[in-house]
Amino acid sequence: MTKRIIPSRRLLSTFSYYLQPSQPHALSSQYRPLSTITLVPLTKPRTTSPSCPSPSPSPSHQPHTISKRTYKTVQEQQSRYKSGPFSWGAGLLFLGAGAALIFFFRFEKDRVERERVANATKGVGRPKVGGEFELVDQKGRKFGSEDMRGRYSLVYFGFSHCPDICPEELDKMSQMIDLVTSSPRSQKNTLPPLLPIFITCDPARDTPAVLDAYLSEFHPSLVGLTGTWEQIKDVCKKYRVYFSTPPDVKKGQDYLVDHSIYFYLMDPEGDFVEAIGRQHSPEQAARIILDHVGDWKVGA
Amino acid sequence: MGLFSTTPTSPPPPKISSDGAPIAPDRTQRAKCWEGRDEFFQCLDKSGIVDSITEKGKAEKACSTEGRKFEANCASSWVTYFKKRRVMEHHRNQTLEKLKAEGAKQMPGEIGPGALGQKP
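For clarity, every value in this text was computed on a predicted model and none was experimentally measured.

Trainee: Tell me about the UniProt feature "binding site: Cu cation" (unreviewed entry) in chain A, and name the residues and values.
Mentor: All names here are of chain A. Those places that UniProt annotates as "binding site: Cu cation" (unreviewed entry) correspond, in this numbering, to C162, C166 and H259. The annotated residues occupy 98 residues of the chain but converge on a single region, no pair of C-alpha atoms lying more than 10.4 Å apart. For C162, the location among the structural elements is in the loop between β3 (153-158) and α6 (165-182). If you trace the backbone, H259 turns up in strand β7 (residues 258-259). For H259, a relative accessible area of 0% puts it in the buried group.

Quick look at the structure:
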């Protein structure tokens, strides 16, 4: 079997060698005088030139042999060949599209995460933070949860006789308010400015006048709320705030109130969005607030 | 103790607001109180006292002037609160040191001074 295959293969290879038309070898040069005689007998016999080795270069076939891309110089063609299908433009487009996609996905991821946090308390069967209340502000006017509608509010619980944490946190809150309201991002927003609220956990000592004097040292836009012990207990329960004031304190008694220390960011529908704690700097807190405010869509 | 009986041991009575309730210490009063506290605690640090409530006698001996000033500028509830917090912070720092010595890694984020006890 092998003896038969080997000669036939050799034969084929010799055939294919001779049949290649572009090779100017002995056989085609032997044909050439014959073809020139038979095909173009009237024209001047061609001399075999190395630049035109094709066996039958008829003028009608010329346009097909030229490729569609034309190059002015050989150098241009060579450089085109060397760089292949890639060019600077294509590379830049590729990188730009990649960077844009990465940016977009990161942005979307953050937004979706915020949306998840903001919606965690919306709907049925979710833990509810916040709720209806009716209290009195530092000027003695009535102030209820209805007054918080239509804008974001930042709620903080504390008491005026607080040794150090509440005043520190209220100073931080003032910085946060200024950062949020002065930000160009909130100027673009159609919502009314952020409403900062301070609710006392010590209604026995924190009367409206006391709150007025106390809060005047902090931000002017702060709303200080007080009420009866039962009312305060009710609000704290709704906001899941822990506090411990003795309900039967004597007048002039000196005591402290133990309470949770978080800022509650509430959305324009009165739903809880996110808690901001002591670990957040005013800048971080302002960014969190601005991000949520920026996400808000009317009727969404 | 006739020498100290003339110095006040509690802050001046608070101002009364328009609706009859005492107004809480304002910014300057708070700053004065914190200043007195820091001086007292510095003195305690020098004397190697952590808990000035259980080691009352020792603290009074070593830091009587600072102690008087502290008590003169802060409400008594604040004084006890700061003294207790000092002990709590000392224990917290010791625990942190111990954990660090054991090779614990610190997690990202900060622990605020009030984060552990959540006292006001």
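Trainee: Describe the state of the cysteines, and please don't skip the residues or the numbers.
Mentor: Residues and elements named next belong to chain A. The final tally for this structure, using the stated rule, is three disulfides over all chains. A sulfur-sulfur separation of 2.2 Å characterises the disulfide bridge that pairs C162 with C166. Residues C162 and C166 are joined through a disulfide that is right-handed, its torsion about the S-S bond being 80°. Taken individually, C162 and C166 each receive the classification buried, so the pair is uniform in this respect. Cysteines bonded in chain B are numbered consecutively along the chain; their disulfide partners then correspond to 1-4, 2-3. Considering cysteine sulfurs only, C236 is the nearest to C201, which forms no disulfide, with 4.4 Å between them.

Trainee: Please provide a residue-by-residue account of the pattern of salt bridges, values included.
Mentor: Pairs can form between side chains of opposite charge once their charged atoms are near each other. Counted under the stated rule, the structure contains 25 salt bridges over all chains. For E146 of chain A, the salt bridge identified is with R149 of chain A, shortest N-O distance 4.0 Å. E55 of chain B is the partner of K58 of chain B in a salt bridge, and the nearest nitrogen-oxygen pair spans 3.5 Å.

Trainee: Can you break down the UniProt feature "transmembrane region" (unreviewed entry) in chain A residue by residue, with the values?
Mentor: Following the UniProt record, the feature "transmembrane region" (unreviewed entry) maps to residues 86-107 of chain A here. As annotated, residues 86-107 of chain A comprises 91% helix and 0% strand, and the C-alpha atoms at either end are separated by 30 Å.

Trainee: Give a description of the packing of aromatic side chains that names residues and reports values.
Mentor: The way to describe two aromatic rings as a pair is by their centre distance and the angle between their planes. Residue and element names in this part refer to chain A. For the structure on display, the rule yields 15 aromatic pairs over all chains. Measuring from centroid to centroid gives 6.0 Å for F157 and Y264, while their planes differ by 90°, and the two rings are edge-to-face. Separated by 107 residues along the polypeptide, F157 in strand β3 and Y264 in strand β8 (residues 263-266) bring together distant segments of the chain. Neither residue differs from the other here; F157 and Y264 are each classed as buried. Ring geometry for F198 against Y214: centres 6.2 Å apart, planes inclined by 50°, an arrangement best described as tilted.

Trainee: So what about the packing of helix α2 (residues 27-47) of chain B against helix α5 (residues 76-101) of chain B? Which residues, and what values?
Mentor: Residues and elements named next belong to chain B. Across the interface, α2 lies against α5 with an axial gap of 11 Å and an inter-helix angle of 40°. In this view, α2 runs oblique relative to α5, as classed from their interaxial angle. For the element pair α2 and α5, the recorded crossing hand is right-handed. Across the interface between the two elements, R30, C33, W34, R37, F40, F41, L44 and D45 from α2 touch W78, F82, K83, R85 and R86 from α5. Classifying every residue of the contact of α2 with α5 gives seven nonpolar, no polar and six charged.

Trainee: Lay out the sheet that holds β3 of chain A in plain terms, naming residues and giving numbers.
Mentor: All names here are of chain A. Strand order across the open sheet formed by seven strands is β2-β1-β5-β4-β3-β8-β9, with mixed pairing between neighbours. The open sheet has two free edges, formed respectively by β2 (142-144) and β9 (272-276), since each of these has just one partner strand. Within the sheet, the average angular offset between the axes of one strand and its neighbour, ignoring direction, is 35°. Sheet topology places strand β1 (residues 134-137) next to β2; three bridges connect them, and they run antiparallel. Bridged to L135 within β2 is F143. Here α6 sits on the sheet in contact with β3, β4 (195-200) and β8, set at roughly 170° to β3. Here helix α9 (residues 229-238) sits on the sheet and contacts β1, β3, β4 and β5 (223-226); the angle it forms with β1, its principal contact strand, is near 110°.

Trainee: Kindly report on the interface of chain B and chain A, identifying the contributing residues and their values.
Mentor: Listed as interface residues are 28 residues of chain B and, on the opposing side, 31 residues of chain A. There are four salt bridges connecting chain B and chain A. One salt bridge connects R85 of chain B with D164 of chain A, and the closest N-O pair in it is separated by 2.4 Å. On inspection of chain B and its partner chain A, the count reaches six residue pairs in polar contact (both at pLDDT 80 or more). Elements with a minimum of two residues in the side of chain B that touches chain A: α2 and α5 of chain B. In terms of residues, the side of chain B that touches chain A owes the most to one element, α5 of chain B, which gives six residues.

Trainee: Just give me the short version of the confidence of the model for chain B, but keep the residues and values in it.
Mentor: Residues and elements named next belong to chain B. Of the residues in chain B, 78% reach a pLDDT of 70 or more, and the chain-wide mean stands at 78. Here helix α1 (residues 2-5) stands out as the least confident element of chain B, with mean pLDDT 44; α5 is the most confident, with 90. Confidence over residues 113-120 falls short of pLDDT 50; this stretch has 29 contacts with residues more than four positions distant or in other chains. For this predicted complex, the interface score ipTM comes out at 0.73, alongside a pTM of 0.65.

Trainee: Tell me what's going on with the environment of S64 of chain B, and back it up with residues and numbers.
Mentor: As for its placement among the helices and strands, S64 of chain B is situated in helix α4 (residues 64-73). Each C-alpha atom, one on S64 of chain B and one on F40 of chain B, is 8.8 Å from the other, the two residues being 24 residues apart in sequence.

What counts, and at which threshold
Residues numbered from 1 in each chain as written. Chains lettered and ligands numbered in written order. Predicted model: local features only at pLDDT ≥ 70, side-chain atom pairs only at ≥ 80, totals over all residues. Heavy atoms only, no water. UniProt positions renumbered as here; feature names shortened; annotations may be inferred. Helix = DSSP H or I, 4+ residues; strand = E, 2+ residues; numbered from the N terminus. Buried < 20%, exposed > 50% of the residue type's maximum accessible area, 1.4 Å probe, protein only. Disulfide = S-S within 2.5 Å. Salt bridge = Lys/Arg side-chain N within 4 Å of Asp/Glu carboxyl O. Phe/Tyr/Trp six-rings, centres within 6.5 Å; stacked < 30°, edge-to-face > 60°. Axes fitted to C-alpha atoms, helices over the stretch in contact; angles between N-to-C directions. Parallel < 35°, antiparallel > 145°, perpendicular 65-115°, else oblique. Left-handed = near helix turned anticlockwise from the far one by under 90°. Contact = heavy atoms within 4.5 Å. Nonpolar A, V, L, I, M, F, W, Y, C, P; charged D, E, K, R; others polar. Pairing = 2+ DSSP bridges. Polar contact = N/O pair within 3.5 Å; in protein donor to acceptor, adjacent residues only side chain to side chain. pLDDT = per-residue confidence, 0-100.

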